[in-house]
Amino acid sequence: MVPFFDDMTSPLPYAVALLLLLVVFWRRLPRGARVTGVVVEVLLLVSMTPLGAAALARAVESRLPPPHACRAPMPTTVVVLSAGFSRPPHGSGDYAALQLLGLQRMFAGVALWQQIPDARLVISGGSRTPVPVAVPMANLAEQMGVPAAAIEIEGRSHSTWENARNVAALSPRVPRRIWLVTSALHLPRALGAFRAWGFEPCAWPSDPPGEPLRLGPGLVIPEGRSVETATLALHELIGSVEYGWLEWWHARHPPNAAPQTP
């Protein structure tokens, strides 16, 4: 669940703040400012409807490679990216503290791992708490039947860029060709980061992209789930600009080490 008022990319707090400003200062505002404020308010409200949120999500997911685009030979290493904690964990076995997105990614990663004989499962994600996010995720994977010897933890990352950088620095080295498991909205940015650090990642979304909409008047009525989707989509759209610059800079200042050839 996305904390609507904690995420700077959520349209909800901006819509509330702008509405209050328009109501309080309406008579003092010049005509141009009124028109601009109303237009922005309408756009914010539309983004929080199922129709608007789906349009934002589509703008992100359109950058995903087509299904079955991964060429042979198929990777034998599965890299799962965490999504943080929803609250401070009570120990390394507190699975309930994991974000729902992280649980979805872990379930999808284990399901993929089960399809690949002798696969290696790498779980990446740190935390500001004493317990890295990757630790309870790894414990959960063990509970789901993945042997501890097949799991590798990268527990220092605090961003997608650090996920890619720190996975590339693991020892023994992670092969260049990997399956990259994360949410569909997160995949385009994550794929770019891992490519920048020398990987050839194959996309494996933990949730199906392009969820169909139900026709009806509810399509144009703001709702909580749509606020969550819009927040995630806007986060990725803004983040893709930052990561585009990081990838450009990284290409001109390559690191000394890169993932090995499979």
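Predicted model only: the values in this text are computed from it and were never measured. (Residues numbered from 1 in each chain as written. Predicted model: local features only at pLDDT ≥ 70, side-chain atom pairs only at ≥ 80, totals over all residues. Heavy atoms only, no water.)

So, on to the overall build of the protein. Counting its secondary structure elements, the protein contains 8 helices and 5 strands. Reading the protein from its N end, one meets helices and strands in the order α-α-α-β-α-β-α-β-α-β-α-β-α. Taken over the C-alpha atoms alone, the protein extends approximately 65 × 45 × 40 Å along its principal axes. Counting across all 262 residues of the protein, residues that qualify as buried make up 44%. Taking the contacts inside the protein whose residues are at least 6 apart along the sequence as the reference set, 73% of them involve residues at least 24 apart. (Helix = DSSP H or I, 4+ residues; strand = E, 2+ residues; numbered from the N terminus. Buried < 20%, exposed > 50% of the residue type's maximum accessible area, 1.4 Å probe, protein only. Contact = heavy atoms within 4.5 Å.)

Another point: the side chain of S183. Following the sequence through the fold, S183 ends up in the loop between β4 (177–182) and α7 (187–196). Note on S183: relative accessible area 5%, which makes it buried. With near-sequence residues (within four places) excluded, S183 lies in contact with L101, R105, S206 and D207.

Averaged over every residue, the pLDDT of the protein is 91; residues scoring 70 or more account for 94%. In the model, residues 1–6 has pLDDT below 50 throughout and makes 15 contacts with residues more than four positions away in sequence or in other chains. (pLDDT = per-residue confidence, 0-100.)

Here we take up the packing of helix α4 (residues 100–113) against helix α5 (residues 134–143). Between α4 and α5, the least distance of the axes is 10 Å, while the angle of their chain directions is 40°. With respect to α5, the axis of α4 lies oblique. Helix-helix and strand crossings are classified by hand; for α4 and α5 the assignment is right-handed. For the pair α4 and α5, contact is made by G102, L103, M106, F107 and V110 and by M137, L140 and A141, respectively. (Axes fitted to C-alpha atoms, helices over the stretch in contact; angles between N-to-C directions. Parallel < 35°, antiparallel > 145°, perpendicular 65-115°, else oblique. Left-handed = near helix turned anticlockwise from the far one by under 90°.)

Our next topic: the packing of aromatic side chains. Scanning the entire structure with this criterion turns up 6 aromatic pairs. Taken together, a centroid distance of 6.1 Å and an interplanar angle of 65° make the contact between W161 and W197 edge-to-face. With W161 in helix α6 (residues 160–168) and W197 in the loop between α7 and β5 (200–205), the pair connects residues that are 36 residues apart, well separated along the chain. An identical accessibility class is assigned to W161 and W197; each is buried. Taking 5.4 Å as the distance between ring centres and 50° as the angle between the ring planes, the aromatic pair formed by F194 and F199 counts as tilted. The class for F194 is buried, based on a relative accessible area of 0%. Here a set of aromatic residues connected by ring pairs shows up, and it is made of W161, W197 and Y243. A cation sits over an aromatic face here: R189 above Y243, 4.7 Å from the ring centre. (Phe/Tyr/Trp six-rings, centres within 6.5 Å; stacked < 30°, edge-to-face > 60°. Lys NZ or Arg CZ within 6 Å of the ring centre and 35° of its normal.)

What follows concerns unusual backbone geometry. For the bond from A72 to P73, the omega torsion is 0°, close enough to zero to count as cis. With respect to the helices and strands, P73 occurs in the loop between α3 (50–61) and β1 (77–81). Backbone geometry at D118 places phi at a positive 55°, although glycine is not the residue there. Note on placement: D118 falls in the loop between α4 and β2 (120–124). Here D118 falls in the exposed class, since its relative accessible area comes to 81%.

Glancing now at the pairing of β1. Across the 5 residues of β1, 5 count as buried, placing the element largely inside the fold. Across the two faces of β1 the burial is the same, with T77, V79 and L81 and V78 and V80 all buried. Alignment of β1 against β2, held across 5 bridges, turns out to be parallel. Along β2, the bridge assignment pairs V80 with I123. (Pairing = 2+ DSSP bridges.)

Attention now goes to the nonpolar core. Ranked by internal contacts, the top residues of the largest apolar core, which has 28 residues, are V78, M106, L121, I123, A141 and V146. Secondary structure elements with two or more residues in this core: β1, α4, β2, α5 and β4. Looking at this core, the element that brings in the most residues is α4, giving 6 residues. For V78, the residues in contact, after removing those within four places along its chain, are G109, L112, W113, I116, R120, L121, V122, W179 and V181. Residues L64, A164, V167 and F194 belong to the second largest nonpolar core, which totals 22 residues. (Core = buried A, V, L, I, M, F, W, Y, C linked by side-chain atoms within 4.5 Å.)

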